[in-house]
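# Summary of the model geometry
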Amino acid sequence: LNLLEAKSFGAYQKVALLKYDAFEEMGGKLSFTICMLDGNEDGFLLTSMHSNREGCYTYVKEIIKGEAFVLLSNEEKQTLEEAKAKSFS
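Our subject in this report is the structure included herewith. (Residues numbered from 1 in each chain as written. Predicted model: local features only at pLDDT ≥ 70, side-chain atom pairs only at ≥ 80, totals over all residues. Heavy atoms only, no water.)

## Topic: the sheet that holds strand β2 (residues 31-37)
Strands sit in the order β1-β2-β3-β4-β5 across an open sheet of 5 strands; the sheet is antiparallel. If you trace the sheet from one side to the other, it starts and ends with β1 (14-20) and β5 (67-68), each paired once. Judged from the 6 bridges that link them, β2 and strand β3 (residues 43-51) form a sheet pairing that is antiparallel. Directly across from L37, in β3, lies its bridge partner G43. (Pairing = 2+ DSSP bridges. Helix = DSSP H or I, 4+ residues; strand = E, 2+ residues; numbered from the N terminus.)

## Quick notes on the side chain of S48
Assignment of secondary structure puts S48 in strand β3. You can call S48 buried: its relative accessible area is 7%. (Buried < 20%, exposed > 50% of the residue type's maximum accessible area, 1.4 Å probe, protein only.)

## Some remarks on the nonpolar core
By size, the foremost hydrophobic cluster in this structure holds 8 residues: A16, C35, L37, L45, I63, L72, L80 and A83. Contributing elements (two or more residues each) for this core: β2 and α2 (74-85). (Core = buried A, V, L, I, M, F, W, Y, C linked by side-chain atoms within 4.5 Å.)

## Brief notes about the pattern of salt bridges
Working definition: two side chains of opposite charge can pair if their charged atoms are close together. Per the counting criterion, the structure on display carries 3 salt bridges. Close ionic contact of K14 with E41 constitutes a salt bridge, the shortest N to O distance being 3.0 Å. Within this pair, whereas K14 is found in strand β1, its partner E41 is found in the loop between β2 and β3, the two being separated by 27 residues in sequence. Overall, K14 belongs to the buried group, its relative accessible area being 11%. A relative accessible area of 19% places E41 in the buried class. (Salt bridge = Lys/Arg side-chain N within 4 Å of Asp/Glu carboxyl O.)

## Structural notes on the pairing of β2
On β2, burial follows the alternation: S31, T33, C35 and L37 on one face are buried, whereas F32, I34 and M36 on the facing-out side are not. Pairing analysis gives 7 bridges linking β1 to β2, with the strands arranged antiparallel. Across the sheet, residue K14 finds its bridge partner in β2, namely L37. In sequence, β2 turns back onto β3 through a hairpin of 5 residues, with E41 there showing a positive phi of about 60°.

Structure, rendered in structure tokens:
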């Protein structure tokens, strides 16, 4: 690897975003999960769940070598797999 490639390996390279309606309420897809991974597939999932009745809840989950060590929702799993499938060139 040249110097630029080596330095960019630690930068977030793989990003996936999923918008959805977390509580099946009227009002659109206001909830989301975003996954950002570097060249080692280290990074995070950021999930914001919006409810018209309950407000908004935001969670962050660490990803190490492409895996989470906490329980993931179906949406988080889908977003993580989408990010991992992306290639950086």
